[in-house]
Amino acid sequence: MKVITEAILRDELRDEIPEVYTIPEGKILSPAAREYLQQLKVKIADNKKKNRPLQRYEAEVEAEKASGAQEPVRTVTAQAAADSKPKYVDEQTGAYYFEKPEHMTQLHGNLLVTKDDKRIAFRGKLDSLEATFILEQTELMGMGEQAIVENLEDILGSLREMMRCDVLNLPFSRDRMIGLTHEELRDHSHNPMKYYKVKQMVLPNYSLGKTYAILNYLRTQVRETEVAAATAFNNGKGFDRADIIEELNRMSSALHILMCRYLAKKQSGEER
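Residues numbered from 1 in each chain as written. Predicted model: local features only at pLDDT ≥ 70, side-chain atom pairs only at ≥ 80, totals over all residues. Heavy atoms only, no water.

This paragraph deals with the overall build of the protein chain. Helices and strands together make up the secondary structure of the protein chain, namely 10 helices and 10 strands. Residue burial in the protein chain is summarised as follows: out of 272 residues, 40% are buried. Put simply, of all contacts in the protein chain between residues at least 6 apart along the chain, 59% involve residues at least 24 apart. For the protein chain, the exposed surface amounts to about 15500 Å²; the carbon and sulfur share of it is 50%. (Helix = DSSP H or I, 4+ residues; strand = E, 2+ residues; numbered from the N terminus. Buried < 20%, exposed > 50% of the residue type's maximum accessible area, 1.4 Å probe, protein only. Contact = heavy atoms within 4.5 Å. Areas by Shrake-Rupley, 256 points an atom, 1.4 Å probe, with all protein chains shown as cover.)

In structure tokens:
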């Protein structure tokens, strides 16, 4: 396999620096050449999937040695030198790291992305949503809304499982929420008059009380998280995590249903 050294790369890019450099089939970048592209902020595209980053690192080092190119000077920690292999790989550029840079975080396994990556932003929103649920649960508990608190705990379980599946890159699957299937959640939310004798999406008002206002607030936060998920998983042709996006959509339906149930109970009490 022919190695592309830094010297070859400098000569090739002498007239024009591209936004993306595609490694030709049957060739491999030397570590020094890869670092040179990173300095130029040029994205690296490989024709082959980067599913074995550490093995590819070893192959590049051996190829560079075989080419007679001078090994670039690298400063590593004592622990890194002892390990002799990089621990992390940049998902975007394919760069290797012995230690995780402060501006980066793990996406899955040893793959690193910058902390402003849209998928990390989604996780931050998901984390914030969980915290909001817990905060409002404590408020509702003090108001004596035990049944609603328990329903919110069921929804919170979905949020926690969603975070786990996203971090571990696992499929998400949950058949029920607040006692209803996905199909039932959609049907109840779209037809509240049929199931609860309540109009669809009654606009919040202070006169409807604090409980209703809290449920509506949680619904809006779920909606915002759904938008963050759609942004994070949009690959330009479709969506990578339709399972997570669908669950968030049904979650907002679940909150709407809890609002309808609360109004139905409130109206029933007023009638008596």
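A few words now on the packing of aromatic side chains. Tallied over the full model, the rule gives 3 aromatic pairs. Here the aromatic rings of Tyr-195 and Tyr-196 are separated by 6.3 Å at their centres, their planes lie at 45 degrees, and the arrangement is tilted. What makes Tyr-195 partly exposed here is its relative accessible area of 30%. Relative accessible area serves as the criterion here: at 13%, Tyr-196 is assigned to the buried category. (Phe/Tyr/Trp six-rings, centres within 6.5 Å; stacked < 30°, edge-to-face > 60°.)

Running from N to C, helix α5 (residues 118-142) and helix α9 (residues 210-232) cross one another at 170 degrees; their axes reach a closest spacing of 9 Å. When the interaxial angle is binned, α5 and α9 end up roughly antiparallel. (Axes fitted to C-alpha atoms, helices over the stretch in contact; angles between N-to-C directions. Parallel < 35°, antiparallel > 145°, perpendicular 65-115°, else oblique.)

Once that is clear, we can look at the pattern of salt bridges. Enumeration over the complete set of coordinates arrives at 12 salt bridges. Measuring nitrogen to oxygen at the nearest pair gives 2.6 Å for the salt bridge that ties Arg-174 to Asp-154. Here Arg-174, found in the loop between α6 (146-167) and β9 (176-177), pairs with Asp-154, found in helix α6; they are 20 residues apart in sequence, far enough to count as distant. Accessibility expressed as a relative area gives 26% for Arg-174, which makes it partly exposed. In this structure Asp-154 comes out as partly exposed when scored by relative accessible area, which is 23%. Three or more residues joined by partner-sharing salt bridges are found here, namely Glu-91, Asp-117 and Arg-119. (Salt bridge = Lys/Arg side-chain N within 4 Å of Asp/Glu carboxyl O.)

Here we come to the sheet that holds strand β8 (residues 111-114). Read across the sheet, 4 strands follow the order β6-β5-β8-β7 without closing on themselves; strand pairing throughout is mixed. Strand pairing shows two members of the sheet lacking a second neighbour, β6 (96-97) and β7 (104-108), which therefore form its edges. By the bridge criterion, 2 bridges tie strand β5 (residues 88-90) to β6 in an arrangement that is antiparallel. Within β6, the position partnered with Val-89 by the bridge is Tyr-96. Where α5 meets the sheet, it contacts β7 and β8, and its direction lies at approximately 85 degrees from that of β7. (Pairing = 2+ DSSP bridges.)

Before going further, it helps to examine the environment of Tyr-97. With respect to the element layout, Tyr-97 can be found in strand β6. Taking the C-alpha atoms as reference points, Tyr-97 and Asn-110, separated by 13 residues in sequence, lie 9.9 Å from one another. When sequence neighbours within four positions are dropped, the list of residues in contact with Tyr-97 reads Pro-86, Lys-87, Tyr-88, Asp-90, Met-104 and Leu-112.

What follows concerns the confidence of the model for the protein chain. In the predicted model, the protein chain carries a mean pLDDT of 85, and the fraction of residues at 70 or more is 84%. For residues 71-82, every residue scores under 50 in pLDDT, and the model assigns this stretch 11 contacts once sequence neighbours within four places are set aside. (pLDDT = per-residue confidence, 0-100.)

We now examine unusual backbone geometry. Look at Asn-169: it is not a glycine, yet its phi comes out positive at around 60 degrees. As for its placement among the helices and strands, Asn-169 is situated in the loop between α6 and β9. Positive phi values are uncommon outside glycine, yet Ile-178 reaches one of about 45 degrees. With respect to the element layout, Ile-178 can be found in the loop between β9 and β10 (180-181).

Before going further, it helps to examine helix α7 (residues 182-190). What α7 keeps buried is the set His-182, Leu-185, His-188 and Ser-189. Buried residues of α7 fall within an arc of 130 degrees about the axis and therefore sit on the same side. (Arc of directions from axis to C-beta.)

Let us now look at a nonpolar patch on the surface. Together, Val-167, Leu-168 and Leu-170 make up a nonpolar patch on the protein surface, roughly 220 Å² of accessible area in all. In this fold, Leu-168 is placed in the loop between α6 and β9. (Patch = residues over 30% accessible without salt bridge, like charges linked within 9 Å, V, L, I, M, F, W, Y side chains within 5 Å.)

Glancing now at helix α2 (residues 31-39). Buried within α2 we find Pro-31, Ala-32, Ala-33, Arg-34, Tyr-36 and Leu-37. Of the residues trailing α2, Lys-41 is marked for its positive phi of about 60 degrees.

As a further point, take the packing of α5 against α6. Contact pair α5 / α6: the axes reach a minimum separation of 10 Å and the direction vectors enclose 165 degrees. If you check the angle between α5 and α6, you find them roughly antiparallel. Of the two possible hands of crossing, α5 and α6 adopt the one that is left-handed. Grouping the amino acids of the contact of α5 with α6 by side-chain chemistry returns 16 nonpolar, 2 polar and 6 charged. (Left-handed = near helix turned anticlockwise from the far one by under 90°. Nonpolar A, V, L, I, M, F, W, Y, C, P; charged D, E, K, R; others polar.)

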